[in-house]
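Residues per chain, in single letters:
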Amino acid sequence: MKKAVSMFLAAALAVGTFAGCGSSADTGSTGSAASTESGSTDSAAADGSVFKIGGIGPTTGAAAIYGSAVMNAAQIAVDEINEAGGINGYQVEFKAEDDQSDAEKSVNAYNSLKDWGMQVLMGTVTTTPCIAVADKTAEDGMFEITPSASSTDVIENDNVFQACFTDPNQGTASAQYIGENNLATKVAVIYDSSDVYSSGIEATFVKEAANQGFEVVAEEAFTADSKTDFSTQLQKAQSEGADLVFLPIYYTEASIILNQANGMGYEPTFFGCDGMDGILDVKNFDTSLAEGLMLLTPFVADADDEKTQAFVSKYKELYGDTPNQFGADAYDAIYAIKAAIEEAGVTPDMSASDIGSALTEAMTKISVDGLTGDGMTWEATGEVSKAPKAMVIKDGAYTAM
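Described below are features of the structure shown in this document. The residue numbering used here restarts from 1 in each chain and proceeds along that chain's sequence as written. In keeping with the predicted nature of the model, local features appear solely for residues at pLDDT of at least 70, side-chain atom pairs appear and are counted solely at 80 or more, and the whole-chain, interface and lining totals rest on all residues. Heavy atoms throughout the structure, all of them, feed into the side-chain values; hydrogens and water do not.

Helix and strand definitions here come from DSSP, where helices need a minimum of 4 consecutive H or I residues and strands a minimum of 2 consecutive E residues; each element is numbered from the N-terminal end. Helix and strand counts for the chain come out as twelve helices and 14 strands. Burial status follows relative accessibility: with a 1.4 Å probe on protein chains alone, a residue under 20% of its type maximum counts as buried, one over 50% as exposed, and anything between as partly exposed. Burial analysis of the chain (401 residues in total) assigns 57% to the buried set. A fraction of 74% describes how many contacts in the chain between residues 6 or more apart in sequence connect residues 24 or more apart. Accessible surface is estimated by sampling points in the Shrake-Rupley manner with a 1.4 Å probe; for residues, cover comes only from the protein chains shown. Split by element, the accessible area of the chain, about 14,700 Å² in all, is 45% carbon and sulfur. Any pair of residues with heavy atoms lying within 4.5 Å of one another is described as a contacting pair.

Pasting the structure below:
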């Protein structure tokens, strides 16, 4: 079993790396693979002529912004790979399944993809479903890389890797960024104590804050059963004089917090992590309230490098929207699978478990230049090594800092 915290993580924290968590798209628009002969994933692919990669994430429901971006971007990567001749001469089929960010539905989606003939899993998108599915992939020996489930719990098994940063890294890096850039003297934290993603980031943020030049004056929790009224938490933050509020939460709850803070005349700086990406797309949300909101991310869509510009242009052309970091992580996850297959020399006529064993070993030997980092490498623990970036919402758009 993997250790949740490795010596590498300690080193990564020192340079401020951090984590991610993500979303998906309509399977009709993202899955290029139609259903073919069904069968166990522990047997050879139906005809041994293509690699079959499955994707699981919320393409409907509250987290659909995450899932849609993941599946859309994964399909772009698969199409590019196929157009360039495939992987070692073999084409790739990709099929996405919706789990509505629900653990039980995610396991059902995994079983459906197994029947389809999946040999590698790119997913799941969100943490709790990913933990449930990771146990299943471990039982089957299926190789799994999640683009966005950032808890260290998802990489407990040897066969699971992350393309995103882990939760502990996000909390540490956020505290370091706030301190090193003198963004605040007093900070309040509002977090979801019922969510492993949010509470994990909060814990490491508070721990690292002790080493920085600001004071955490309030740690205000809410739960999944009480996430519509944040007046008590905001009043505490305001009364304690917090000039920055750290929100290690998802964009839906964050949009409510920003709206309620505006209603009470409270105007601190708001700072989030990867779960904040998507707030500009919340229905009926006044996006002007997000002006000046900052977050750490592995990807900024307005970056001027050629690779980012090409990806953003293609994504906009196909889906009519600007891709978020979850899509970028998924794009990189597909290319990580490609690199691992090439390193391992596996072929699609092999069983899923044999492919899984080979890819697990190959992951620690590859390096990938992706959208979310150059020279990305992976530890045997499943953690990725890459550096974070910061962005701010300016004039209604995500802008690199």
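Our next topic: the pairing of strand β3 (residues 120-123). Examined bridge by bridge, strand β1 (residues 50-57) and β3 share four bridges and lie parallel to one another. Each residue of the ladder has a partner; that of Gly-54, found in β3, is Leu-121. One requirement defines pairing of two strands: DSSP has to find at least two bridges between them. Pairing of β3 with strand β4 (residues 143-146) involves three bridges; the strand directions are parallel. Opposite Met-122, over in β4, you have Ile-145 as the bridge partner. Handedness of a crossover is defined as follows: with both strands directed away from the viewer, a clockwise route from the first strand across the helix to the second makes it right-handed. Taken together, β3, helix α5 (residues 127-140) and β4 constitute a β-α-β crossover, and its handedness is right-handed.

Our focus in this paragraph is the state of the cysteines. Our working definition of a disulfide is a cysteine sulfur pair at a distance within 2.5 Å. Inspection of the entire model under this criterion finds zero disulfides. The structure places no disulfide on Cys-130, whose sulfur is separated from the nearest cysteine sulfur, that of Cys-164, by 8.4 Å. The class of Cys-164 is buried, set by a relative accessible area of 1%.

Attention now moves to the side chain of Glu-208. Along the chain, Glu-208 turns up in helix α7 (residues 196-209). Of the buried charged residues, Glu-208 lacks a salt bridge, with Lys-207 as the closest side chain of opposite charge at 8.0 Å. Among all residues touching Glu-208, those that are not within four sequence positions of it are Thr-172, Ala-175 and Gln-176. The charge count treats Lys and Arg as positive and Asp and Glu as negative. His and the chain ends do not count. One side-chain nitrogen of Lys or Arg within 4 Å of one carboxyl oxygen of Asp or Glu is enough to make a salt bridge.

In this structure the tally under the stated criterion is seven salt bridges. Among the ionic pairs, Glu-342 bridges to Lys-338, the shortest N-O distance being 2.7 Å. Highlighted residues: Glu-342 and Lys-338, both in helix α11 (residues 325-344), separated by four residues, approximately one helical turn. The partly exposed category is assigned to Glu-342, whose relative accessible area is 36%. Between Lys-365 and Glu-361 there is a salt bridge; the shortest N-O distance is 3.4 Å.

Here we come to the packing of aromatic side chains. A pair of Phe, Tyr and Trp rings is counted when the ring centres sit within 6.5 Å of each other, with Trp represented by its six-membered ring. The angle between the planes then sorts it: under 30 degrees is stacked, over 60 is edge-to-face, the rest tilted. Overall, the coordinates contain 16 aromatic pairs when judged by the stated rule. Seen from their ring centres, Tyr-66 and Tyr-251 are 5.1 Å apart, and the 85° between their planes marks the pair as edge-to-face. Placement of Tyr-66 in helix α3 (residues 64-83) and of Tyr-251 in helix α9 (residues 251-263) is noted, with a sequence separation of 185 residues between them. Tyr-251 matches Tyr-66 in its accessibility class, with the two residues each being buried. Ring geometry for Tyr-315 and Tyr-319: centres 5.1 Å apart, planes at 55°, overall tilted. Separated by four residues within a single helix, Tyr-315 and Tyr-319 lie in helix α10 (residues 306-319), roughly one turn from each other. For Tyr-315, a relative accessible area of 5% gives the class buried.

Moving on, we come to the pairing of strand β2 (residues 91-98). Where a strand is regular, its side chains alternate between the two sheet faces. Both β1 and β2 contribute to a ladder of eight bridges, which runs parallel. Considered in β2, the bridge of Gly-57 is made with Asp-98. Read from β1 through α3 to β2, the crossover connection turns out right-handed.

Turning our attention to the sheet that holds strand β7 (residues 215-222). If you trace the seven strands from one edge of the open sheet to the other, you get β7-β6-β8-β9-β10-β13-β14, paired in mixed fashion. The open sheet has two edge strands, β7 and β14 (397-400), and neither has a second partner. Neighbour-to-neighbour, the strand axes of the sheet open up by a mean angle of 25°, direction not taken into account. When strand β6 (residues 186-192) meets strand β8 (residues 244-247), the two strands line up parallel, connected through three bridges. Pairing of Ala-188 across the sheet is with Val-245, part of β8. Axis definition: a line fitted to C-alpha atoms, over the contacting stretch in the case of helices. Angles run 0 to 180 degrees between N-to-C directions.

Just distances and angles here, no functional claims.
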